[in-house]
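Listed below are the residues making up each chain.
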Amino acid sequence: MIKTTKLLTSLALAAGISVAAQAADTVVRHLHLNNDPRIPAMWEEFAKEFEASNPGVDVQIEFLENEAFKAKLPTMLQSKSKPDVFYSWGGQNFADRAEAGLLQDVSGLAGGLQKNLSSGGMSAFTVGGKVYGAPYMVSQVGFWYNKKLFAQAGVKAEEIKTWDDLLEAVKTLKKAGITPIAAGGADKWPIHFYTTYLAMRTGGQDTFNSALAEDVSWDNPDYVKAFKLFTDLVALEPFQSGFMAAGYGDASGTFGDHKAAMHLMGEWDIGVQRDQSQSKEGVKDEDLGFFNFPSVPDGKGAGTDTLGGINGWAFSKGASPEAVKWIEFFLAKEQQSREAAAGFIIPVAKGADKAVNDPHKSIIAKNLAKAEWHQVFWDQALGSDVGGVINDVSAELATGDVSPEDAAARIQEAWELR
Amino acid sequence: MSSIRSWFYRNNQGGRITTLLLFLPPALTIFTLFVVLPLGEAGYYGFFKWKGLSAISESGKWMGFENYSRVLGHSVFHSAIWNTIKIILVSILIQLPLAMAMALLVASTGALNNFFRLVFFMPFILADVVAGLIWRYIFDGDYGLVGQFTTLFGMDPYYPLADKTWAFNSVLMVVVWKYFGYHMMIYIAGLQGISKDLLEAAKIDGANNWQITFRIKIPLIMHAVKLSVFFSVIGALQFFEMVIPMLPGGGPSSSGHTIVTYLYTYGIVRMKVGFGSSVGVILFIVCMAFAFSYQRYVMKMNND
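Rules and cut-offs
Residues numbered from 1 in each chain as written. Chains lettered and ligands numbered in written order. Predicted model: local features only at pLDDT ≥ 70, side-chain atom pairs only at ≥ 80, totals over all residues. Heavy atoms only, no water. Helix = DSSP H or I, 4+ residues; strand = E, 2+ residues; numbered from the N terminus. Rg over C-alpha atoms; globule rule 2.2 N^0.38 Å. Buried < 20%, exposed > 50% of the residue type's maximum accessible area, 1.4 Å probe, protein only. Contact = heavy atoms within 4.5 Å. Areas by Shrake-Rupley, 256 points an atom, 1.4 Å probe, with all protein chains shown as cover. Lys, Arg positive; Asp, Glu negative; His and termini not counted. Charge placed at Lys NZ, Arg CZ, Asp CG, Glu CD. Salt bridge = Lys/Arg side-chain N within 4 Å of Asp/Glu carboxyl O. Buried area = accessible area lost by both parts, 1.4 Å probe. Polar contact = N/O pair within 3.5 Å; in protein donor to acceptor, adjacent residues only side chain to side chain. Nonpolar A, V, L, I, M, F, W, Y, C, P; charged D, E, K, R; others polar. Phe/Tyr/Trp six-rings, centres within 6.5 Å; stacked < 30°, edge-to-face > 60°. Pairing = 2+ DSSP bridges. Axes fitted to C-alpha atoms, helices over the stretch in contact; angles between N-to-C directions. Parallel < 35°, antiparallel > 145°, perpendicular 65-115°, else oblique. Left-handed = near helix turned anticlockwise from the far one by under 90°. Expected span 1.5 Å × (residues − 1). Arc of directions from axis to C-beta.

### Looking at the overall build of chain B
Along chain B, the regular secondary structure elements total 15 helices and two strands. Over its C-alpha atoms chain B spans a radius of gyration of 25 Å, topping by over 25% the 19 Å that the globule rule assigns to 304 residues. Across the 304 residues of chain B, 42% fall into the buried class. Expressed as a percentage of contacts within chain B between residues at least 6 apart in sequence, the contacts between residues at least 24 apart total 66%. For chain B, the accessible surface area stands at approximately 17,000 Å², while carbon and sulfur atoms represent 71% of it.

Structure follows, in structure tokens:
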């Protein structure tokens, strides 16, 4: 079955994607899923500049829509029509592919990449000491808030430093008749930002690494405590009514429609809340604020640690040295700065963060620069099976269907069975 | 040589063997390639812990029957089985009687009857995914029909798809709405096949409408009823596309899975090909057991 679908998909792909290589050129095929047409347009410029200084190399930038990309990639990577470079969210799925031999070890050629890019970013694309990809952009999850609604209830974002402060703010907002938080419970992963961020605050990086190394279990007291803290928030009924029927897009729309004061999400939400709102204007830039996920004073994690994504590019097995050269050029400070200045990304190239103009994104760029530990989303980092269970129990904690102890125990069980 | 020729001559009466040699290979090849082989492969994968990223000989880990014991012991799988049973019960107890009632009402020809037949059959034409999406909006507590209803009567907003007890029942409602027209059509076809003489004879003998319906019409289309029960059960076992848009992620607290959405979520989305295969094998055994015993014990009763 797998083999036949593989064959069929590769045929379909061969038909769908034109491989119009010029005879003598080394072709570098670069597959992405960015559906904002301005961004690939800029990449085409990069490609022209690169080709001008590297005769004989032909960079082809190819696009697949997000869901199609996820569905086709597994079979594509085992076919002959695979791209040299493709978009990746890092994490365990990336590591699994590297260990399964689907990715190219480029350690020997990665000197330039390592010099240009932040070491935290590079480590996200390094498995077992070998480089299989490179970071492209970072994101951070935090609380987006509506300044008008906060002012109306008399809540000051600057004063929300600890988890208890957040609970107080929620109470004040409720008293003022404002829905404190929008959440997309049906998709589950928006809820796991709460549980895992809290686990980062209570346990810190050491506990996380020990759990990865299996020195402590995932149902350790720190994580149980994190889940208890989350249930303290849940007890206040802070989310919009019917939040368990709302997906991420719905919740984003609720926030964009000024119907909820906060939304815990990454910076991609700036655009999404605008598009999902009924007016298509959303919460305008001047009314939109951002504050970090609050700290837990007696926890082991620092309040500056960040949760988010490090997305980048993976080299598929057999990728040519030219592909590495292209990515080195693509991710160099100049190129990253141009993209940052255009407001497309929060860059990972050293020194390129200065080019970020967007007021919201520059706050995040500064946060990330300050963070000693930037953790990739747990549902990505721990693989889709353990990650899926984390999302499941997070959603169940939000409805009170599982106790914090049982939730942690189920994560440990999934970890043992992974 | 001559014996072969005579054997061929004797057996190839009416070109039987020629037909066989000509027409069997394509069908057999396709059936083997796309049904038998995948079945065998799924059976094999079910014994492994395997992500499907590289060859099973490289990254597969032998698990014996552990995948099966984990599936059978998983509370979400239990609720998936229960949900499937619910679909079967609702189909047999609500949907089929409704379809029968409608069929009896609109079976005779006439412009109005034709119109209503079309109306009742319409939902069946929709793709399951589309129906799921449409109903997701209808059940929305803010902007949907449910939301309009609650605001109209000044009640608190209500979100059926977020409610653990009502989420799957909402799906059941859509199942009835979408499929009763299909079963109605089966019954209409059966009803139109009943000889007019029989009905006339019954009328002359003084049978009233009630008696004609229950003593003549329904007994005479029992084969159609048996067939639609069969379709309902198999359909319930394979029910999938409508649930995905209505209850993404399995609904509140994973309470809204069917067997196939369970397979999809825990086997494919979470990249556990071995685990998913074992669910597939269990589903296959249940389907086969049902299909064969139903054919043997229920459909056969036709001949009595």
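### A short note on the overall build of chain A
The secondary structure content of chain A amounts to 18 helices and 11 strands. Here chain A has a C-alpha radius of gyration of 22 Å; the compact-globule value for 418 residues is 22 Å, and the two agree. Overall, chain A is about 70 × 45 × 40 Å in size when its C-alpha atoms are taken along their principal axes. With 418 residues in all, chain A has 58% of them scored as buried. A fraction of 76% describes how many contacts in chain A between residues 6 or more apart in sequence connect residues 24 or more apart. Here chain A contributes 39 positively and 54 negatively charged side chains, and the mean placements of these two sets differ by 3 Å.

### Thoughts on the pattern of salt bridges
Within this structure, the stated rule accounts for 17 salt bridges over all chains. In this structure, the salt-bridge partner of Glu-62 of chain A is Arg-29 of chain A, at a minimum N-O distance of 2.9 Å. Taken as a pair, Glu-62 of chain A in strand 2 (residues 57-63) and Arg-29 of chain A in strand 1 (residues 26-32) lie far apart in primary sequence, 33 residues in all. For the pair formed by Glu-62 of chain A and Arg-29 of chain A, the shared burial category is buried. Two residues, Arg-270 of chain B and Asp-392 of chain A, come together in a salt bridge whose shortest N-O distance is 3.2 Å. One end of the pair, Arg-270 of chain B, is in the loop between helix 14 (259-269) and helix 15 (273-298); the other, Asp-392 of chain A, is in helix 17 (residues 383-399), on a second chain. One continuous salt-bridge network, built from bridges that share partners, spans Glu-45, Glu-49 and Arg-338 of chain A.

### Things to note about the interface of chain A and chain B
Each partner contributes residues to the interface: chain A has 32 residues there, and chain B has 28 residues. The junction of chain A with chain B conceals about 2,500 Å² of combined surface from both sides, 51% of it contributed by carbon and sulfur atoms. At the boundary of chain A and chain B, one finds four salt bridges. Here Asp-401 of chain A makes a salt bridge to Lys-164 of chain B, at a shortest N to O gap of 3.5 Å. Counting the contacts that link chain A with chain B gives 12 residue pairs in polar contact (both at pLDDT 80 or more). Where the side of chain A that touches chain B is concerned, the elements lending two or more residues are helix 1 (2-16), helix 4 (91-99) and helix 17 of chain A. Among the elements that line the side of chain A that touches chain B, the one with the most residues is helix 17 of chain A, at seven residues. Per-class residue counts for the side of chain A that touches chain B are 10 nonpolar, 10 polar and 12 charged.

### Details of the side chain of Ser-79 of chain A
Looking at where Ser-79 of chain A falls in the secondary structure, it is placed in the loop between helix 3 (66-76) and strand 3 (85-88). Polar contacts involving the side chain of Ser-79 of chain A include one to the side chain of Ser-81 of chain A, which spans 3.2 Å.

### Some remarks on the packing of aromatic side chains
Overall, the coordinates contain 65 aromatic pairs over all chains when judged by the stated rule. Considering the side-chain rings of Phe-239 of chain A and Phe-243 of chain A, the 4.8 Å spacing of their centres and the 45° angle between planes classify their relative orientation as tilted. With respect to class, Phe-239 of chain A is no different from Phe-243 of chain A; both count as buried. An angle of 15° between the planes, with centres 4.5 Å apart, marks the rings of Phe-124 of chain B and Tyr-182 of chain B as stacked. Remark: Tyr-182 of chain B occurs in helix 9 (residues 167-192) and Phe-124 of chain B occurs in helix 6 (residues 111-125); sequence separation between them is 58 residues. You can call Phe-124 of chain B partly exposed: its relative accessible area is 26%. We classify Tyr-182 of chain B as partly exposed; its relative accessible area is 24%.

### A look at the side chain of Ser-255 of chain B
Residues and elements named next belong to chain B. By secondary structure assignment, the location of Ser-255 is in the loop between helix 13 (243-246) and helix 14. What makes Ser-255 buried here is its relative accessible area of 15%. Not counting residues up to four positions away in its chain, the partners in contact with Ser-255 are Ser-79, Asn-83, Lys-164 and Gly-250.

### Here we look at the pairing of strand 8 (residues 262-266) of chain A
All names here are of chain A. Counting buried positions along strand 8 yields five of five residues, so the element is predominantly enclosed. Alternating positions in strand 8 separate into two faces, Met-262, Leu-264 and Gly-266 on one and His-263 and Met-265 on the other, with burial throughout. Across five bridges, strand 6 (residues 133-146) lies against strand 8 in antiparallel orientation. Paired with Trp-144 across the two strands is His-263, which belongs to strand 8. Pairing of strand 7 (residues 181-182) with strand 8 involves two bridges; the strand directions are parallel. In the strand pairing of strand 8, Ile-181 is matched with Met-262.

### Overview of the environment of Trp-62 of chain B
Residues and elements named next belong to chain B. Residue placement: Trp-62 occurs in strand 2 (residues 61-62). Using a relative accessible area of 55% as the deciding quantity, one classes Trp-62 as exposed. Separated by 176 residues in the primary sequence, Trp-62 and Gln-238 place their C-alpha atoms 28 Å from one another. What Trp-62 contacts, discounting residues up to four positions off in sequence, is Phe-47 and Phe-48.

### Regarding the packing of helix 2 (residues 38-53) of chain A against helix 13 (residues 321-330) of chain A
Residues and elements named next belong to chain A. Here helix 2 crosses helix 13 at 120°, and the two axes come no closer than 10 Å. With respect to each other, helix 2 and helix 13 are oriented oblique. Note that helix 2 runs across helix 13; the crossing there is right-handed. Residues Trp-43, Phe-46, Ala-47, Glu-49 and Phe-50 of helix 2 touch helix 13, and the partners they reach there are Glu-322, Lys-325, Trp-326, Phe-329 and Phe-330. Considered class by class, the residues forming the contact of helix 2 with helix 13 number seven nonpolar, no polar and three charged.

### Notes on helix 18 (residues 404-417) of chain A
Residues and elements named next belong to chain A. With 14 residues, helix 18 should cover 20 Å at 1.5 Å per step; its first-to-last C-alpha distance of 20 Å lies within 8% of that length. If you check which residues of helix 18 are buried, you get Pro-404, Ala-407, Ala-408, Ile-411, Gln-412, Ala-414 and Trp-415. Taken end-on, helix 18 shows its buried residues confined to a sector of 160°, consistent with a single buried face.

Note that every value here comes from positions in space, so none of it alone points to a role or purpose.
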